[in-house]
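The chain contents come next:
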Amino acid sequence: MGRQKMFKEELELGEVLVKQQELESRLKEFERSQREIERTRAERECTIPPLDEIGERMRWRQHEHLVSRGEVANVRRDQNQGLLLLLLLLAATAALVWWGLQLMGGA
């Protein structure tokens, strides 16, 4: 009976030792994780954030990819046609004003 009690105590001691080793390994893992977090935090603090110009360049590149050359040509043609129409309307208005002044001066 004394021998069985000793086996039981040895088994419990073995379980305690296994648990202790497991806790120690978890503690080491936790400490390693803490060091890794501190290292990444320090690295992030030392890193200069990207300039606004870089983001603007990236947006411009993305815009150029989305807009094909054909679409740009179409927009320019529409704008040129609109500008030409505006100039013609201004010329017609100026001609009407001149003609009106000629009529009033001659009467």
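Peer 1: Could you clarify how one ought to interpret the pattern of salt bridges in this entry?
Peer 2: If charged atoms from side chains of opposite charge come close, those side chains can pair. A complete count under the given rule lists 6 salt bridges for this structure. In this structure, Glu-22 and Arg-26 form a salt bridge, with 3.4 Å as the shortest nitrogen-oxygen distance. Residue Glu-22 and its partner Arg-26 are both found in helix H1 (residues 2–46); the two are separated by 4 residues, about one turn of the helix. Here Glu-22 falls in the partly exposed class, since its relative accessible area comes to 36%. Exposure remark for Arg-26: the relative accessible area of 54% places this residue in the exposed category. The residue Arg-57 makes a salt bridge to Glu-53 at a minimum N-O spacing of 2.3 Å. In this pair, Arg-57 and Glu-53 are both assigned in helix H2 (residues 52–66), 4 residues apart and thus about one turn of the helix distant. Taking relative accessible area as the criterion, Arg-57 reaches 48% and is therefore assigned partly exposed. Judged by relative accessible area, which is 44%, Glu-53 ranks as partly exposed.

Peer 1: Help me understand a negative patch on the surface in this model?
Peer 2: A surface patch of negative charge is lined by Glu-9, Glu-10, Glu-12 and Glu-15. Assignment of secondary structure puts Glu-9 in helix H1. For Glu-9, a relative accessible area of 47% translates into the label partly exposed.

Calculation rules
Residues numbered from 1 in each chain as written. Predicted model: local features only at pLDDT ≥ 70, side-chain atom pairs only at ≥ 80, totals over all residues. Heavy atoms only, no water. Salt bridge = Lys/Arg side-chain N within 4 Å of Asp/Glu carboxyl O. Helix = DSSP H or I, 4+ residues; strand = E, 2+ residues; numbered from the N terminus. Buried < 20%, exposed > 50% of the residue type's maximum accessible area, 1.4 Å probe, protein only. Patch = residues over 30% accessible without salt bridge, like charges linked within 9 Å, V, L, I, M, F, W, Y side chains within 5 Å. Areas by Shrake-Rupley, 256 points an atom, 1.4 Å probe, with all protein chains shown as cover. Lys, Arg positive; Asp, Glu negative; His and termini not counted. Charge placed at Lys NZ, Arg CZ, Asp CG, Glu CD.

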